[in-house]
Structure formats: structure tokens, C-alpha cells
Amino acid sequence: MESPDEPEAILRGQAHIWRQMFAFADSMALKCAVELRIPDIIHSYGGGPVTLAQIASRIPAPSPGTTYLARIMRLLVRNNIFSAQRCQPDGGHESQETLYGITPSSRWLLQGPGSELSLAPLVLMENHPWLMSPWHCFSDCIKTGGVAFEMAHGCKIWDFASANPEFNRLFNDGMAGTSKILVRAIVEGYKAGFKSIGSLVDVGGGIGVTLATIIKSFPHIQGINFDLPHVIATAPAHDGITHVGGDMFETIPHAEAVFMKGIMHDWGNEDCVKILRNCRKAIPEKNGKVIIADFMLKPEGNGMFDEIGTVLDLVMMAHCSGGKERDELEWKNIVEKGGFPRYNIIKTSSLLFIIEAYPL
């Protein structure tokens, strides 16, 4: 006998598939808003409320399509990217007008002066056709075991970046903007840990921006920024930091502690174990430690960032060769195989967790 709730459940299932089918519309509307700098336009009016005509007047185009803009804004309001309220124009005889405002979400999309912490560059990067095309290769990846980015572009992402200056700029801008947000959370969430360190090597530290932020807050630390020689060659001077070029799969400079932010999720398990074993050789056995700032999957979790973790795992599948996000058990396995039988997990006010790994 059919349950009275079953027809409604089936209909809800249909509605759910419709929503999933067109989920890309959310990110495309978001990208449109960032490209047109709509958050900055509303912010320039004090954060709102502003009319559609006021927004359109500051879009750099001779005759912006306000009907298109209204439709984009309607979806973004429904998604809580912007706020909206209805008001009666002066005189009271015309139809109501919509006034738009900034929300806590759209504040993260500001790009103007004073907007140091912004996700706007990452929105543009992740939604560019260059980085979207590998997603269309997932079924072929499952059939063949191939790498999505290589299927889409014929080479690895790093080779693509080195041959394409525009992509390299897009990618670096996206990563730099995100790094500022994550590093601030790391510095705030790991104060006690940094205070106890005398020297720190940042493995895969790029041009030293992350380490410079840490040293600025903890100037007693002697910093070593470690990355591939061609990366170090472009690194500017930072107070308290020595730049060293090399390969983390061969050897890592010695320090009291090793720091790695967003490095391990780029690599498969075997490569991660190799990196960790070299980290162990680089630190003192008694009081040394490795500080891993990375993502931790919680597929059934209900925390603020838990849902995005499963999405980011597919981002790694789309962009990297062997990269993946890991749950705690997976982290435990590679940390122990890398020579670290003891570890602590510390949550930060961001996507990242900190894993403190000790050789004893």
C-alpha cells in the first residue's frame, strides 16, 4: 500500500534533481557579479540600499542591460549574496522599486582599497573555462584512470601555467587572495604553537608571503622559506627570512619545526609519506614537530565548512594529478607511515585544520 507521503517525496526528488542540474547557475551569477564589481558598486554607496539604476550607472559600459542585471540580482538575492527590500518611489503612485544592499557574504567579494581579504580572485579563477573544462572529463577519468586536467588540456596544470602567462596570473591571484584569508586564521588559531618555536621552515612556501605573515606576528622566529629554485628566484626579501631553493622530495632545510600549508593535498599518499620522512630528518627528534595546515574531510559533519570539504576533494580531482582531501583516518595513516606516531588536531576559524605531528 502506497504511503501518503510517497508522492510528495517523489515530487521533492524531482525538484531536487532540477536544482542539482542547474546548480552551475549559482556560480555563474556569482562570477558575473564579481566581473562587474557589483559588490564594490554597492559598497561605494555606503553598502546600500541602492537602486538597480544606481548600480547600472557605475558599470563601465555605454548602455548596461538593466533587465538582464535585474534577473541576475534576483538569483543572487535569493542566494543571500545581496539583500533586497521593496520601497515606494517618491510620489507613491508608481510600482514598488527594489533596493539592494551588501550582506556578510558579498563583503568577501569586495576588491577595492581596504579589501585585503577577498575571495573575488578565486571566484574568477575557479569559474574560468580553463578550470571548468576538466570537470567535464570526470566520467572518462573513472573509465580510464586518467587525470582530468590532462585530458582537457593535454598537460599538467603546472606545465599549462608555465606556458600560459594569463592563466599563471589568474591562478596566482586566486591562490594569493585565498592564502591571506587562511594564514590569518592560522596565526590566530595557533598562537601558542608559534610562540614555542625558535626556527621554522615553510616547505612549498612560494615567494615567502605566508611565512612573512607568521614572522610579522612572531618576530622571534628565524624563518626559512623553501621552494623550487625557479620559485625562490623571484622571491622578494623579507625581514627574518632566508630563502632556500631545493626539492622537498630530496631534502628539507633543518629547523625546529616544519610548516606546510595546503601542500599535502596536492599529492598522493606515497608522495606525502616521502615528504613527511624528509621532514622528520629536518627536525630535532626530541622537541621537533611538523605543522600541517590542510583540509580535513568530515563527510557526515554539520560544521560550517564540512560540506565544502567534499566539494574541494573534487576540485583536487579536477585540477591535480593524485591530489585529494583526506579524513582523519587517512591523515593518521600517512602521518604514522611518515614517522610521526603522535599528533594533535587543532581547528581554525577557516577551512583548514592544523595537524601537529611529533616524531616521539
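Residues numbered from 1 in each chain as written. Predicted model: local features only at pLDDT ≥ 70, side-chain atom pairs only at ≥ 80, totals over all residues. Heavy atoms only, no water.

## As for the nonpolar core
Line of reasoning, step 1. Ranked by internal contacts, the top residues of the largest apolar core, which has 28 residues, are Ile252, Val258, Met260, Met264, Val290 and Ile292.
Line of reasoning, step 2. Of all the secondary-structure elements, those providing two or more residues to this core are strand E4 (199-203), strand E5 (222-227), strand E7 (257-261), helix H15 (269-282), strand E8 (289-294), helix H17 (328-337) and strand E10 (353-358).
Line of reasoning, step 3. Here this core gets six residues from one element, more than from any other, and that element is H15.
Line of reasoning, step 4. Other than its neighbours up to four places away in sequence, Ile292 contacts Met260, Met264, Leu276, Trp331, Val335, Phe353, Ile354 and Ile355.
Line of reasoning, step 5. Grouped together as the second largest cluster of nonpolar side chains are 23 residues, Ile197, Leu200, Ile241 and Ala293 included. (Core = buried A, V, L, I, M, F, W, Y, C linked by side-chain atoms within 4.5 Å. Buried < 20%, exposed > 50% of the residue type's maximum accessible area, 1.4 Å probe, protein only. Helix = DSSP H or I, 4+ residues; strand = E, 2+ residues; numbered from the N terminus. Contact = heavy atoms within 4.5 Å.)

## What to know about the UniProt feature "domain: O-methyltransferase C-terminal" (unreviewed entry) in the chain
Line of reasoning, step 1. Under the local residue numbering, the UniProt record ascribes the feature "domain: O-methyltransferase C-terminal" (unreviewed entry) to residues 135-340.
Line of reasoning, step 2. Between the C-alpha atoms that bound residues 135-340 the distance is 35 Å, and the span itself is 49% helix and 13% strand. (UniProt positions renumbered as here; feature names shortened; annotations may be inferred.)

## Describing the pattern of salt bridges
Between side chains of opposite charge, a pair can form when the charged atoms approach closely.
Line of reasoning, step 1. Within this structure, the stated rule accounts for 11 salt bridges.
Line of reasoning, step 2. Measuring nitrogen to oxygen at the nearest pair gives 3.1 Å for the salt bridge that ties Glu150 to Lys156.
Line of reasoning, step 3. Relative accessible area serves as the criterion here: at 27%, Glu150 is assigned to the partly exposed category.
Line of reasoning, step 4. Classification of Lys156 by relative accessible area gives partly exposed; the value is 39%.
Line of reasoning, step 5. Of the charged contacts, one joins Lys332 and Glu336 as a salt bridge, the two residues approaching to 2.9 Å between their closest N and O atoms. With Lys332 and Glu336 both in helix H17, this residue pair falls four residues apart, about one helical turn. (Salt bridge = Lys/Arg side-chain N within 4 Å of Asp/Glu carboxyl O.)

## Here we look at the side chain of Ser179
Line of reasoning, step 1. Mapped onto the fold, Ser179 is located in helix H11 (residues 165-189).
Line of reasoning, step 2. Not counting residues up to four positions away in its chain, the partners in contact with Ser179 are Thr210 and Lys261.

## Looking at the side chain of Thr210
Line of reasoning, step 1. Turning to its location among the elements, Thr210 is positioned in helix H13 (residues 209-217).
Line of reasoning, step 2. Within the structure, the side chain of Thr210 is placed 3.2 Å from the side chain of Ser179, a separation counted as a polar contact.
Line of reasoning, step 3. When sequence neighbours within four positions are dropped, the list of residues in contact with Thr210 reads Ser179, Val183, Asp202, Phe259 and Lys261. (Polar contact = N/O pair within 3.5 Å; in protein donor to acceptor, adjacent residues only side chain to side chain.)

## What to know about the sheet that holds E7
Line of reasoning, step 1. If you walk across this open sheet you meet the seven strands as E6-E5-E4-E7-E8-E10-E9, and the pairing is mixed. The open sheet is flanked by strand E6 (241-245) and strand E9 (342-347), the only strands paired with a single partner. With direction set aside, neighbouring strand axes in the sheet form an average angle of 20 degrees.
Line of reasoning, step 2. Bridge count between E9 and E10: six bridges; the pairing is antiparallel. Paired with Ile346 across the two strands is Ile354, which belongs to E10.
Line of reasoning, step 3. H11 rests against E7, E8, E9 and E10 of the sheet, and its axis sits at about 140 degrees to E7.
Line of reasoning, step 4. In this fold H15 packs onto E7 and E8, with an angle of close to 150 degrees to the strand it touches most, E7. (Pairing = 2+ DSSP bridges. Axes fitted to C-alpha atoms, helices over the stretch in contact; angles between N-to-C directions.)

## Notes on the sheet that holds strand E2 (residues 82-87)
Line of reasoning, step 1. Strand order in the open sheet formed by three strands is E1-E3-E2, and the pairing between neighbours is antiparallel. Strand pairing shows two members of the sheet lacking a second neighbour, strand E1 (50-51) and E2, which therefore form its edges.
Line of reasoning, step 2. The pairing of E1 with strand E3 (residues 97-102) spans two bridges and is antiparallel. Pairing of Thr51 across the sheet is with Leu99, part of E3.
Line of reasoning, step 3. Across the sheet, helix H5 (residues 66-78) is in contact with E2 and E3; its angle to E2 comes to roughly 110 degrees.

## Some points on the packing of helix H2 (residues 24-35) against H5
Line of reasoning, step 1. Two elements in contact, H2 and H5, have axes separated by 10 Å at closest approach and are oriented at 115 degrees. The two elements H2 and H5 meet at a crossing, and its hand is left-handed. When H2 is examined against H5, the residues Ala25, Asp26, Ala29, Leu30, Cys32 and Ala33 are found in contact with a partner set consisting of Ile72, Leu75 and Leu76.
Line of reasoning, step 2. For the contact of H2 with H5, a count of residues per class yields eight nonpolar, no polar and one charged. (Left-handed = near helix turned anticlockwise from the far one by under 90°. Nonpolar A, V, L, I, M, F, W, Y, C, P; charged D, E, K, R; others polar.)

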